[in-house]
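For reference, the chains in residue letters:
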Amino acid sequence: MPGPDARDDLLLLIEAARGAGRIAARYFRDDPETWDKPDDAVTEADLAVNDMLHDRLMDARPDYGWLSEETPEDPARLAASRVFVIDPIDGTRAFIEGSSAFSHSLAVVEDGVVIAAVVYLPIRGKLYAASLGGGATLNDMAVRASNARHFHESEVLATKHTLGPAHWPNGVPEVTRAYRPSLAYRMALVGEGRFDAMMTFRATWEWDIAAGSLIITEAGGMATDAVGQGLRFNSATPKVDGVLAGAPVLHSALLQARGRTA
């Protein structure tokens, strides 16, 4: 029997994301208990959100797999046709510092392809959503990616390191750089058309980018790994080789500056 369609899964993700936001808001700027982990941190809010999402989503779709930053690895997900790919709080350090630029990133992946996605910033009241073939929205209003074509007119979300000369054999592109702490939010902003591209060339966890990648492509943008290869999710090692996403012509130009072609 076929499973729920992408729109049904999207409605489930939207409801769950709003619940996640209510939990996160209770801890926000209230000195949550925090623990260090390799290259990151985790708070009691991350864990509370993760527990709620797991219970709610898996109760609704018990045959789906589960992949989350805050859940121990379960190899059973690799045998599932559909998988939830979840970052309970993306931008945890921003959350700890009291910045409202953290997000909840929720996706459903079917056979490696994202079919439903939500990126939700509860404190800012911004809910980005997309379903495969159904377009992308911000707070229920359709969004479109930028149509930027030239470096000099482009605003790009990236770290300073990403725009270092070592990454650009054909010359560092002369773009205007900006930054946001949540990878999922950076991708959603590109889907919204607020920024023309985003990129990171470090190995990137799937839960940081799965939802954002669909929001971008459903908004008419391009999203690939850092060398121009298509993104696939629910891999045995759930990392991708960086991300390059943005307006289609600009995406190609950035790849060319890196000495790559799509």
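Look up a bit, the structure's there.
First things first, this report covers the structure right here in the doc. (Residues numbered from 1 in each chain as written. Predicted model: local features only at pLDDT ≥ 70, side-chain atom pairs only at ≥ 80, totals over all residues. Heavy atoms only, no water.)

Topic: the pairing of strand β16 (residues 243-246)
Side chains of β16 alternate between two faces, with Val243 and Ala245 and Leu244 and Gly246 buried alike. Summarising the sheet, strand β12 (residues 197-200) and β16 pair through four bridges and their orientation is antiparallel. Paired with alanine 197 across the two strands is glycine 246, which belongs to β16. Of the strand pairs in this sheet, strand β14 (residues 222-224) and β16 are connected by three bridges, and their pairing is antiparallel. Each residue of the ladder has a partner; that of methionine 222, found in β16, is glycine 246. (Buried < 20%, exposed > 50% of the residue type's maximum accessible area, 1.4 Å probe, protein only. Helix = DSSP H or I, 4+ residues; strand = E, 2+ residues; numbered from the N terminus. Pairing = 2+ DSSP bridges.)

A word on the sheet that holds β12
What holds strands together in a sheet is hydrogen bonding between their backbones, with the strands either parallel or antiparallel. What the five strands build is an open sheet, ordered β11-β10-β12-β16-β14; its pairing is mixed. If you trace the sheet from one side to the other, it starts and ends with β11 (176-178) and β14, each paired once. Taken over all neighbouring pairs, the strand axes of this sheet differ in orientation by 20° on average, direction set aside. Its contacts with the sheet put helix α5 (residues 206-218) on β14 and β16, and the angle it makes with β14 is roughly 150°. (Axes fitted to C-alpha atoms, helices over the stretch in contact; angles between N-to-C directions. Contact = heavy atoms within 4.5 Å.)

Description of the packing of aromatic side chains
All chains considered together, the criterion is met by seven aromatic pairs. Ring geometry for phenylalanine 28 and phenylalanine 102: centres 5.6 Å apart, planes at 45°, overall tilted. Taken together, the residues phenylalanine 28 in the loop between α1 (6-27) and β1 (34-37) and phenylalanine 102 in the loop between α3 (92-96) and β5 (103-110) connect sequence positions 74 residues apart. Both residues of the pair, phenylalanine 28 and phenylalanine 102, count as buried. Relative to phenylalanine 84, the ring of tyrosine 64 has its centre 5.1 Å away and its plane inclined at 40°; by these criteria the two rings are tilted. Placement of the pair is tyrosine 64 in the loop between α2 (44-60) and β3 (65-68) and phenylalanine 84 in strand β4 (residues 82-90), with a sequence separation of 20 residues. Using a relative accessible area of 6% as the deciding quantity, one classes tyrosine 64 as buried. Overall, the relative accessible area of 0% leaves phenylalanine 84 in the buried class. In this structure an aromatic cluster arises from ring pairing among Phe28, Phe95 and Phe102. (Phe/Tyr/Trp six-rings, centres within 6.5 Å; stacked < 30°, edge-to-face > 60°.)

Quick look at the sheet that holds strand β6 (residues 113-121)
Strand order in the open sheet formed by seven strands is β3-β4-β5-β6-β7-β8-β9, with mixed pairing between adjacent strands. Single-partner strands in this sheet number two, and they are β3 and β9 (141-142). Here β6 runs beside strand β7 (residues 126-131); their pairing, made up of six bridges, is antiparallel. When the bridges of β7 are listed, leucine 121 appears paired with lysine 126. Against the sheet, helix α4 (residues 183-192) touches β4, β5, β6, β7 and β8 (135-138), its axis set at about 75° to β7.

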